[in-house]
Amino acid sequence: MEKKKNQMDLRNAPVGIFDSGVGGLTVAREVMRNMPQERIVYFGDTARVPYGSKSKETIIRYSRQIIRFLMTRGVKAIVVACNTASAFALEEIKKEIEIPILGVVQPGAKVACAATKNKKIGVIGTEGTVRSQIYTKFVQQWDPEIQVIGKACPLFVPLVEEGWLKDPVTDEVAQRYLSELKEKGIDTLVLGCTHYPLLRSTVRKVMGDEVTLVNPAYETALELRELLCANELDNRGESEQNGEKYQFFVSDAADKFKQFANSILPYDIETTKQIQIEEF
Ligand code: DGL
């Protein structure tokens, strides 16, 4: 009886999702849509964004602090909803914690492999993600014949944060970044940065309809569901729900984060709390 209750409490615990800032909300959004029973604790490292231009050591240190914070909120599993942190820190931090953890790169790479027909995949992401060649590593584990062409698009992140999702300036930047990939004849393009799914229509305009765009956020949500079920941690709605279902924490500028979140999430956030992440 006691064991069953403990398991029910565990199933009712939230999933921790973190990113360098607002980008990971694209992953949280997919979790909300595909697993409406799950509770979420989201952390956006808005004081230390961007991660994309920082070193591996720094990203590992930041990720460890965030995980320590999320553990204080009693999370049952963690999603590293940041491509750069998935590329640089996931392997390391996986060894250090006992709860299930997954990143966004492996799910994205898997879909891209299934989608490509001419075995030429493009990956756009931050400088860190592209430099790490993490997508190439996963893709070629499945099929060594697939060619992966990476392209860093550092200006995309500030353009999204500025809200310039449909803007001639963004169109021009996309044209400059992506024409090279288009010329290389890729038939699949991974949106390998959490912000990029918000620029999907801009990217589509440049790449054309014949290129499949892969959004790792959706596949990550599906993999999270599988992982929770495999560990008997999926929330079946059997326990009483106390407290806020979705909780948001940031390391800076809580109001700006809230505004952005409310523009992309399927519901309105009431509170976002600022915390001192360096204390963890
Ligand atoms: N969240 C980061 C990623 O997916 C993009 C923003 C940043 O550079 O921190 O790689």
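Residues numbered from 1 in each chain as written. Predicted model: local features only at pLDDT ≥ 70, side-chain atom pairs only at ≥ 80, totals over all residues. Heavy atoms only, no water.

## A few points about the state of the cysteines
Point 1. Inspection of every chain in the model, using the stated rule, returns zero disulfides.
Point 2. Left unpaired, Cys 82 is separated from the closest cysteine sulfur, that of Cys 193, by 7.3 Å. (Disulfide = S-S within 2.5 Å.)

## Section: the nonpolar core
Nonpolar side chains in soluble globular proteins tend to be buried together.
Point 1. Counting residues in hydrophobic clusters, the biggest one holds 55 residues, and the most contacted among them are Leu 25 and Phe 156.
Point 2. Beyond its immediate sequence surroundings of up to four residues, Phe 156 is in contact with Ile 124, Val 173, Ala 174, Tyr 177, Tyr 196 and Leu 199.
Point 3. With 26 residues, the next largest nonpolar core counts Ile 67, Cys 82, Ile 97 and Ile 275 among its residues. (Core = buried A, V, L, I, M, F, W, Y, C linked by side-chain atoms within 4.5 Å. Buried < 20%, exposed > 50% of the residue type's maximum accessible area, 1.4 Å probe, protein only. Contact = heavy atoms within 4.5 Å.)

## A word on the environment of Thr 129
Point 1. Checked against the element boundaries, Thr 129 lands in helix α7 (residues 127–132).
Point 2. Taking the C-alpha atoms as reference points, Thr 129 and Val 104, separated by 25 residues in sequence, lie 11 Å from one another.
Point 3. Contacts of Thr 129, omitting those with residues within four sequence positions, involve Asn 83, Thr 84, Ala 87, Ile 134, Tyr 135 and Gly 192.
Point 4. Here the side chain of Thr 129 touches Thr 126 through a polar contact of 3.1 Å, side chain to side chain. (Helix = DSSP H or I, 4+ residues; strand = E, 2+ residues; numbered from the N terminus. Polar contact = N/O pair within 3.5 Å; in protein donor to acceptor, adjacent residues only side chain to side chain.)

## Topic: the sheet that holds strand β5 (residues 120–125)
Point 1. Taking strand neighbours across the sheet as the criterion, the four strands line up as β6-β5-β7-β8 in an open arrangement whose pairing is parallel. The sheet is open, and its two borders are formed by β6 (147–152) and β8 (212–214), each paired with just one other strand. Taking the axes of each pair of neighbouring strands and ignoring which way they run, one obtains an average angle of 25° across the sheet.
Point 2. Where strand β7 (residues 188–191) lies against β8, three bridges are found, and the strand directions are parallel. What sits directly across from Val 190, in β8, is Val 214.
Point 3. Sheet strands in contact with helix α10 (residues 168–183) are β5, β6 and β7, and its direction is about 165° off that of β6.
Point 4. Of the strands in this sheet, β7 and β8 are in contact with helix α11 (residues 200–207), which crosses β7 at around 155°. (Pairing = 2+ DSSP bridges. Axes fitted to C-alpha atoms, helices over the stretch in contact; angles between N-to-C directions.)

## Observations concerning the site of the ligand
Point 1. With respect to spatial proximity, 14 residues lie near the ligand, and among them Asp 19, Ser 20, Tyr 51, Thr 84 and Thr 194 are the closest.
Point 2. Within the side chain of Asp 19, a nitrogen or oxygen atom sits 2.7 Å from a nitrogen atom of the ligand.
Point 3. Within the side chain of Ser 20, one N or O atom sits 2.6 Å away from an oxygen atom of the ligand.
Point 4. Notes on the ligand: free accessible area 300 Å², of which the protein chains cover 99%.
Point 5. For the shell around the ligand, the per-class residue count stands at six nonpolar, seven polar and one charged. (Near = heavy atom within 4 Å. Areas by Shrake-Rupley, 256 points an atom, 1.4 Å probe, with all protein chains shown as cover. Nonpolar A, V, L, I, M, F, W, Y, C, P; charged D, E, K, R; others polar.)

## Some details on the side chain of Asn 235
Point 1. Inspection of the secondary structure puts Asn 235 in the loop between α12 (216–230) and β9 (246–250).
Point 2. A relative accessible area of 7% places Asn 235 in the buried class.
Point 3. A distance of 2.8 Å separates the side chain of Asn 235 from the backbone nitrogen of Gly 237, its partner in a polar contact.

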